[in-house]
Amino acid sequence: MSEIILLSGSPSISSRTDLALQYAARTFEAKGLTTTYLSIQDIPAEVLFKAQFDHPKIQEVTTLIRKAKAVVIGSPVYKASYSGVLKTLLDLLPPDVLQETPVLPVMTGGSAGHLLAIEYSLKPLIATLKGQSLQGVYVIDKCIDKQQPTDPIVDYDTKQRLQNQITQLTTTLEQQTQPTF
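Here goes a summary of the coordinates provided. Note that the structure is a prediction, hence the values are computed from the model and not measured.

**Side note on the pairing of strand 3 (residues 70-76)**
Looking along a regular strand, one sees the side chains alternate between the two faces of the sheet.
Then step 1. Most of strand 3 sits inside the fold, with 7 of its 7 residues counted as buried.
Then step 2. Side chains Ala-70, Val-72, Gly-74 and Pro-76 of strand 3 all project onto a buried face; the interleaved residues Val-71, Ile-73 and Ser-75 project onto the opposite face, where all are buried too.
Then step 3. At this point the chain moves from strand 3, through helix 4 (residues 84-92), to the parallel strand 4 (residues 102-109), and the crossover so formed is right-handed.

What follows is the structure, given as structure tokens:
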């Protein structure tokens with residue numbers, strides 16, 4: 001079994017980003033993979049604000065990510081980029097925390113106008129942390145129905161893109177565990 005960390009950079013209590021990540025978690029689990037859900041909301045604000053690199057919670061997050069076989073990073077788009085609070089957390093982690101780890105970026109936003117936020121903001125951040133970024137999925141807010149928490153992706157094409165990226169990630173994990181001759 002593989003461990004997949006789903007990291008939500010959404011500071012909102014009820015967010016579309018969280019719904020998309022929870023949908024992905026259920027899909028991974030249906031494929032027999034184990035998941036752990038981490039939210040930026042799980043980190044005490046003071047730890048982030050005071051940049052407490054050595055805080056036990058930051059050490060715990062670092063350990064979980066380093067032990068993961070794959071990571072899914074989700075964030076809403078704010079000002080054409082990922083959330084500042086996600087950046088604050090990632091700044092507190094070691095610079096190689098994602099070393100050779102496949103990472104699926106997922107972003108949510110109000111319009112297609114921010115579609116390239118994955119390419120211009122989140123993927124470079126993943127690369128800086130030494131992760132191996134997949135293509136990623138950008139989900140427009142209207143494609144997520146908060147009233148359907150178990151199956152929130154209501155747009156067929158969006159759901160297919162997310163499913164394709166989940167399949168790509170699971171295929172990558174399977175290839176990593178194949179013996180090399």
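**A look at a nonpolar patch on the surface**
Then step 1. Residues Leu-115, Leu-116 and Tyr-120 make up a contiguous nonpolar surface patch of about 360 Å² in total accessible area.
Then step 2. You can call Tyr-120 exposed: its relative accessible area is 65%.

**Points about the pattern of salt bridges**
Then step 1. Counting across every chain of the model gives 6 salt bridges.
Then step 2. Here Asp-91 makes a salt bridge to Lys-87, at a shortest N to O gap of 2.5 Å. Here the residue Asp-91 and the residue Lys-87 both occupy positions in helix 4, the gap between them amounting to 4 residues, near one helical turn.
Then step 3. Of the charged contacts in the structure, one is a salt bridge between Lys-123 and Glu-119, with a shortest N-O distance of 2.9 Å. With Lys-123 and Glu-119 both in helix 5 (residues 117-128) and 4 residues apart, the pair spans about one turn of that helix.

**Observations concerning the pairing of strand 2 (residues 34-39)**
Then step 1. Direction of pairing for strand 1 (residues 3-8) relative to strand 2: parallel, over a ladder of 6 bridges. By the bridge assignment for strand 2, Leu-7 is matched with Leu-38.
Then step 2. As for the winding sense of the linkage, the β-α-β connection from strand 1 through helix 1 (residues 16-30) to strand 2 is right-handed.

**Considering the nonpolar core**
Then step 1. In this structure, Ile-43, Ile-65, Val-71, Ile-73, Leu-98, Met-107 and Leu-122 are the most contacted members of the largest nonpolar core, which totals 31 residues.
Then step 2. If you list the elements that add at least two residues to this core, you get strand 1, helix 2 (45-49), helix 3 (56-67), strand 3, helix 4, strand 4 and helix 5.
Then step 3. Here the element with the most residues in this core is helix 5; it accounts for 5 residues.
Then step 4. Each residue touching Val-71, except ones within four places of it in the same chain, is listed here: Ile-5, Ile-65, Leu-98, Thr-101, Pro-102, Val-103 and Leu-104.
Then step 5. Counting residues in hydrophobic clusters, the runner-up holds 24 residues, among them Leu-6, Ala-20, Leu-21 and Leu-169.

**Things to note about unusual backbone geometry**
Then step 1. Here the phi dihedral of Glu-100 falls at roughly 55°; this positive angle occurs in a residue that is not glycine.
Then step 2. Mapped onto the elements, Glu-100 comes out in the loop between helix 4 and strand 4.
Then step 3. Located in the positive-phi region is Lys-130, a residue other than glycine, with phi close to 75°.
Then step 4. You can see Lys-130 is positioned in the loop between helix 5 and strand 5 (132-133).
Then step 5. Classification of Lys-130 as partly exposed rests on a relative accessible area of 40%.

**Some points on the environment of Gln-52**
Then step 1. One can find Gln-52 in the loop between helix 2 and helix 3.
Then step 2. Leave out the neighbours within four places in its chain, and Gln-52 touches Glu-46, Val-47, Ile-58 and Leu-92.

**Describing the packing of helix 1 against helix 6 (residues 156-177)**
Then step 1. Remark: helix 1 packs on helix 6, axes separated minimally by 11 Å, with the N-to-C direction vectors making an angle of 50°. Relative to helix 6, the element helix 1 lies oblique. Between helix 1 and helix 6 lies a crossing of right-handed hand. In contact with Ala-20, Tyr-23, Ala-24, Thr-27 and Phe-28 of helix 1, helix 6 contributes Lys-159, Leu-162, Gln-163, Ile-166, Leu-169 and Thr-170.
Then step 2. Here the contact of helix 1 with helix 6 is composed, by residue class, of 7 nonpolar, 3 polar and 1 charged.

**Some thoughts on helix 5**
Then step 1. With 12 residues, helix 5 should reach 16 Å at 1.5 Å per residue; the first-to-last C-alpha distance of 16 Å fits that figure.
Then step 2. Buried residues of helix 5: Ala-117, Ile-118, Ser-121, Leu-122, Lys-123, Leu-125 and Ile-126, and no others.
Then step 3. Packed against the buried residues of helix 5 are strand 3, helix 4, strand 4, strand 5 and strand 6 (137-140).
Then step 4. In the stretch just after helix 5, Lys-130 is the one whose phi turns positive, near 75°.

Parameters at a glance
- As a convention, each chain's residues are numbered from 1 in the sequence order in which they are written.
- For this predicted model, a pLDDT threshold of at least 70 governs which residues receive local features, and a threshold of 80 or more governs which side-chain atom pairs are given and counted, while totals over whole chains, interfaces and linings are taken from all residues.
- The basis for every side-chain value is the complete set of heavy atoms in the structure, and neither hydrogens nor water enter the calculation.
- Buried, partly exposed and exposed residues are distinguished by accessible area as a fraction of the type maximum, computed with a 1.4 Å probe on protein chains only: under 20%, between the cut-offs, and over 50%, respectively.
- Helix numbering and strand numbering both begin at the N terminus, where a helix is a DSSP run of H or I of at least 4 residues and a strand a DSSP run of E of at least 2.
- Note on handedness: a crossover is taken as right-handed if, strands pointing away from the viewer, the path from the first strand over the helix to the second is clockwise.
- Only residues above 30% relative accessible area that lack a salt bridge enter a patch, with like-charged residues linked at up to 9 Å and the nonpolar side chains Val, Leu, Ile, Met, Phe, Trp and Tyr linked at up to 5 Å.
- Here the accessible surface of atoms and residues is derived via Shrake-Rupley with a 1.4 Å probe, and residues count as covered only by protein chains that are part of the display.
- Salt bridge, as used here: a side-chain nitrogen of Lys or Arg that lies within 4 Å of a carboxyl oxygen of Asp or Glu.
- For two strands to count as paired, DSSP must find a minimum of two bridges between them.
- What is meant by a nonpolar core is a set of buried Ala, Val, Leu, Ile, Met, Phe, Trp, Tyr and Cys residues, joined one to another through side-chain atoms within 4.5 Å.
- The criterion used for residue contact is that any of the two residues' heavy atoms lie within 4.5 Å.
- Only the stretch in contact is used when a helix axis is fitted, and all axes are lines through C-alpha atoms; the angle between N-to-C directions ranges over 0 to 180 degrees.
- Note on terminology: angles under 35 degrees are roughly parallel, angles over 145 are roughly antiparallel, angles of 65 to 115 are roughly perpendicular, and the others are oblique.
- The handedness criterion is simple: a crossing whose near helix is rotated anticlockwise from the far helix by less than a right angle is left-handed, and one whose near helix is rotated clockwise is right-handed.
- Classes in brief: Ala, Val, Leu, Ile, Met, Phe, Trp, Tyr, Cys and Pro nonpolar; Asp, Glu, Lys and Arg charged; the others, Gly included, polar.
- In this scheme, a helix's expected span is set at 1.5 Å multiplied by one less than its residue total.

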